[in-house]
Amino acid sequence: MTTPTLQAAAPSSRRPWAGLVLFTLAVILAPVVAGQLGGNYWVRVIDFALLYIMLALGLNIVVGFTGLLDMGFIAFYAVGAYLAALLASPHLLEAFPLLQAWFPDGLHFSYWLIVPAAALLAAVCGILLGAPTLKLRGDYLAIVTLGFGEIIRILMRNLDRPVNITNGAKGISGIDTLSLFGVKFSGVQHWFGMKIPSLWLWYYLLVLLIVAIIIVCLRLQHSRLGRAWHAIREDEDVARAMGINVRNYKLLAFAMGASFGGVAGALFAAFQGFVSPESFTLQESIAVLAMVVLGGMGHIPGVILGAVLLTALPELLRSQAAPVQQALFGSVLIDPEILRQLFYGLALVLVMLLRPAGIWPVRHREVQK
């Protein structure tokens with residue numbers, strides 16, 4: 001009687017591994033398939049989706065784990081991007097000619113140094129934001145963090161006088177591309193007789209970084225620190241009464257979430273080769289927050305799904321709006337950008353009405369852990 005039971009249980013025990021193998025293959029082949037179907041445009045969209053996943057996972061620590069409504073998270077993205085731009089471009093030497101004596105070959109710091117420095121600087125900025133807002137909750141905290149994000153953007157826009165540090169609205173160009181182990185993430189690489197575009201290299205690097213961030217987030221979520229964040233999210237007064245140092249745990253949430261934003265910003269600067277204040281607007285902050293809320297606050301797979309959908313959906317609408325109108329009406333009646341915003345907003349409203357907890361919310365039994 002026991003043998004049939006074991007034989008019946010064996011296939012079901014293999015299903016998770018089969019699913020994991022298929023998912024891994026899909027992740028590995030994604031840039032190849034996207035390149036064949038839609039060219040480098042869609043590979044680039046996927047790369048940006050991965051950057052947004054990094055941002056959403058960082059914001060999820062603050063909003064999802066701790067329950068703090070942060071609407072200025074894009075500021076940490078800007079801090080990391082501008083730090084990379086200043087340390088890996090000739091701009092500072094043009095603004096401060098005295099530095100040329102110390103760096104005759106120009107500022108070309110390694111990204112092995114820039115990325116940790118961006119994470120550290122963003123974490124410090126997160127603490128500076130969190131310290132004066134410890135007693136604020138809900139809408140009041142949202143307004144303060146929103147103002148912080150706008151202050152950073154305006155600061156970057158106006159730090160071109162009297163000394164030109166950020167080059168103002170023109171932005172900083174000529175940023176060095178990423179180079180790891182002698183491999184430059186630009187142009188086309190020839191490996192084993194195959195042509196590997198730089199967009200593919202970026203994809204695989206970002207996937208590895210996201211896997212590392214997911215592991216860190218999972219360890220945090222199920223640790224003593226994560227349980228303290230959960231208690232603060234559910235009821236801050238009760239958490240304080242239970243002996244949890246609410247002030248320190250909130251500052252840790254701001255700092256750790258901001259560090260992920262700083263890393264994403266440094267990689268964005270290297271990926272684009274150009275940064276400007278227009279990349280860090282309030283609309284970007286709202287978009288990242290929407291990824292967390294619509295995907296499922298506090299649920300890592302849900303946040304990833306939200307980031308992918310809200311990055312790919314606008315681009316899909318942008319590329320298909322004109323051809324569909326042309327096929328149906330013989331001409332383009334409504335500007336594709338207007339339709340893109342219309343359907344994008346409509347999709348957000350429908351999701352919030354039909355799935356108020358998010359597309360992939362956290363399960364109740366996961367909350368109990």
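Residues numbered from 1 in each chain as written. Predicted model: local features only at pLDDT ≥ 70, side-chain atom pairs only at ≥ 80, totals over all residues. Heavy atoms only, no water.

## Quick notes on the nonpolar core
Cut-off, in case you're wondering: For the purposes of this section, nonpolar cores are sets of buried Ala, Val, Leu, Ile, Met, Phe, Trp, Tyr and Cys residues that join through side-chain atoms within 4.5 Å. The cut-offs for exposure are 20% and 50% of the maximum accessible area for each residue type, with area from a 1.4 Å probe on protein chains only; residues under the lower value are buried, those over the upper are exposed, and the others partly exposed. In this description a helix means any DSSP run of H or I spanning at least four residues, a strand means any run of E spanning at least two, and both kinds are numbered starting from the N terminus. Whether two residues are in contact is decided by their heavy atoms, any of which lying within 4.5 Å being enough.
Membership of the largest hydrophobic core comes to 103 residues, with the highest contact counts inside it found for Met 54, Tyr 111 and Val 275. Among the elements that line this core, the one with the most residues is helix α2 (residues 40-65), at 15 residues. Leave out the neighbours within four places in its chain, and Tyr 111 touches Ala 84, Ala 88, Pro 116, Ile 175, Asp 176, Thr 177, Leu 178, Ala 266 and Ala 270.

## Details of the pairing of strand β5 (residues 194-197)
Strand residues, when the strand is regular, have side chains that alternate between the two faces of the sheet. Selection rule: Pairs of strands are assigned from DSSP output, requiring at least two bridges between the strands.
Strand direction decides the pairing type here: strand β4 (residues 188-191) and β5, joined by 4 bridges, are antiparallel. Within the sheet, the bridge partner assigned to His 190 lies in β5 and is Lys 195. From the end of β4 to the start of β5, which pair antiparallel, there are 2 residues, and Phe 192 there has a positive phi angle of about 55 degrees.

## Focus: helix α8 (residues 224-234)
Three or more residues of α8 are buried, namely Leu 225, Gly 226, Ala 228, Trp 229, Ala 231 and Ile 232. Buried positions along α8 lie against α2, α7 (198-221), α9 (236-241) and α10 (246-272).

## Description of the packing of helix α3 (residues 74-87) against helix α6 (residues 138-158)
Rules: The axes used here are C-alpha line fits, helices contributing only the stretch in contact, and every angle between their N-to-C directions lies in the interval 0 to 180 degrees. Oblique is the label for any angle not under 35 degrees, not over 145, and not in the 65 to 115 range, which are roughly parallel, roughly antiparallel and roughly perpendicular in turn. Under the scheme applied, nonpolar residues are Ala, Val, Leu, Ile, Met, Phe, Trp, Tyr, Cys and Pro; charged residues are Asp, Glu, Lys and Arg; polar residues are all the others, including Gly.
In the contact formed by α3 and α6, the axes pass within 8 Å of each other and the chain directions differ by 30 degrees. On the basis of the axis angle, α3 is roughly parallel to α6. Of α6, the residues touching α3 (which contributes Ala 75, Phe 76, Ala 78 and Tyr 82) are Phe 148, Gly 149, Ile 152 and Met 156. Taken together, the residues of the contact of α3 with α6 break down into 7 nonpolar, 1 polar and no charged.

## Observations concerning the environment of His 91
Relative to the assigned elements, His 91 resides in helix α4 (residues 91-95). For His 91, a relative accessible area of 7% translates into the label buried. Separated by 16 residues in sequence, His 91 and Leu 107 place their C-alpha atoms 8.5 Å apart. If near-sequence neighbours (up to four positions away) are discounted, His 91 is found in contact with Leu 86, Asn 164, Ile 165, Thr 166, Asn 167 and Ile 172.

## Some remarks on unusual backbone geometry
Cis rather than trans, the peptide bond between Arg 161 and Pro 162 has omega equal to 0 degrees. Structurally, Pro 162 is set in the loop between α6 and β1 (172-173). In this structure, Asn 167 is a non-glycine residue whose phi angle is positive, near 65 degrees. Relative to the elements of secondary structure, Asn 167 occurs in the loop between α6 and β1. Assessed through its relative accessible area of 23%, Asn 167 is described here as partly exposed.

## Structural notes on the layout of surface pockets
The cut-off we apply is this: Within this scheme a cavity is a closed region of a 1 Å grid, computed over the protein atoms alone, that accommodates a 1.4 Å probe without allowing it to escape, whereas a pocket is open but has protein on both sides within 12 Å along at least five of seven lines; lining residues each have an atom within 4 Å of a point. Grid points are joined across faces, edges and corners, and a volume is the space filled by probe spheres set on the points.
Looking at the largest pocket, its volume works out to about 1,000 Å³. Taken together, 31 residues line the largest pocket, and the ones lying closest to its centre are Phe 23, Val 27, Ile 53, Ile 214 and Ile 304. Listing elements by their share of the lining of the largest pocket, those giving two or more residues are α1 (2-38), α2, α7 and α12 (300-329). At 8 residues, α7 tops the list of elements feeding residues into the lining of the largest pocket. Put simply, the second largest pocket is a space of about 760 Å³. In terms of lining, the second largest pocket is formed by 27 residues, of which the most central are Tyr 52, Glu 284, Glu 315, Arg 318 and Arg 340. Here the lining of the second largest pocket is composed, by residue class, of 14 nonpolar, 6 polar and 7 charged.

## Considerations on the packing of helix α11 (residues 282-295) against α12
Between two packed helices, both the angle of their axes relative to each other and the distance between the axes serve to describe the pair. Operational definition: Left-handed is the label given to a crossing in which the near helix is rotated counterclockwise from the far helix by less than a right angle, and right-handed is the label when the rotation is clockwise.
Two elements in contact, α11 and α12, have axes separated by 7 Å at closest approach and are oriented at 130 degrees. Compared by their axis directions, α11 and α12 come out oblique. Read as a crossing pair, α11 and α12 show a hand that is right-handed. Facing Ala 287, Ala 290, Met 291, Val 292, Leu 294 and Gly 295 of α11, the residues of α12 in contact are Gly 302, Val 303, Gly 306, Ala 307, Leu 310 and Thr 311. When grouped by side-chain class, the residues that make up the contact of α11 with α12 number 8 nonpolar, 4 polar and no charged.

## Structural notes on the pattern of salt bridges
Note the threshold: Salt bridge, as used here: a side-chain nitrogen of Lys or Arg that lies within 4 Å of a carboxyl oxygen of Asp or Glu.
One pass over the structure, following the stated rule, counts 11 salt bridges. Between Arg 318 and Glu 315 there is a salt bridge whose closest N-O contact spans 3.2 Å. Here Arg 318 pairs with Glu 315, and both are found in helix α12, just 3 residues apart, close to one helical turn.

## With respect to the side chain of Asp 47
Test applied: In this tally, Lys and Arg are treated as positive and Asp and Glu as negative; His is ignored, and so are the chain termini.
Along the chain, Asp 47 turns up in helix α2. Comment: no salt bridge for buried Asp 47; closest opposite-charge side chain is Arg 44, at 6.6 Å. Beyond its immediate chain neighbours, meaning those up to four positions away, Asp 47 contacts Leu 199, Trp 202, Tyr 203, Leu 206 and Phe 271.

## A look at α11
Using the following cut-off: Take the number of residues in a helix, subtract one, and multiply by 1.5 Å to get its expected span.
If you check α11, its first and last C-alpha atoms are 20 Å apart, about what 14 residues at 1.5 Å a residue would give, namely 20 Å. Of all the positions in α11, only Glu 284, Ser 285, Ala 287, Val 288, Leu 289, Ala 290, Met 291, Val 292, Leu 294 and Gly 295 are classed as buried. Those residues of α11 that are buried are in contact with α2, α3, α12 and α13 (336-354). Phi for Gly 296, located one or two positions after α11, is positive at around 135 degrees.

## Topic: the packing of aromatic side chains
What characterises a pair of aromatic rings is the spacing of the ring centres plus the angle enclosed by the ring planes. Here is the rule we go by: Here is the rule: rings of Phe, Tyr and Trp (six-membered ring for Trp) pair when centre to centre is within 6.5 Å. Planes less than 30 degrees apart are stacked, more than 60 are edge-to-face, and the remainder are tilted.
Within the structure shown, the criterion is met by 15 aromatic pairs. Aromatic pair Phe 76 and Phe 148: ring centres 5.8 Å apart, planes at 40 degrees, arrangement tilted. Linking Phe 76 in helix α3 with Phe 148 in helix α6, this pair joins segments that are 72 residues apart in sequence. Note on Phe 76: relative accessible area 0%, which makes it buried. Pairwise contacts between aromatic rings join Phe 48, Tyr 77, Tyr 82, Phe 185, Trp 202, Phe 268, Phe 271 and Phe 280 into one cluster.

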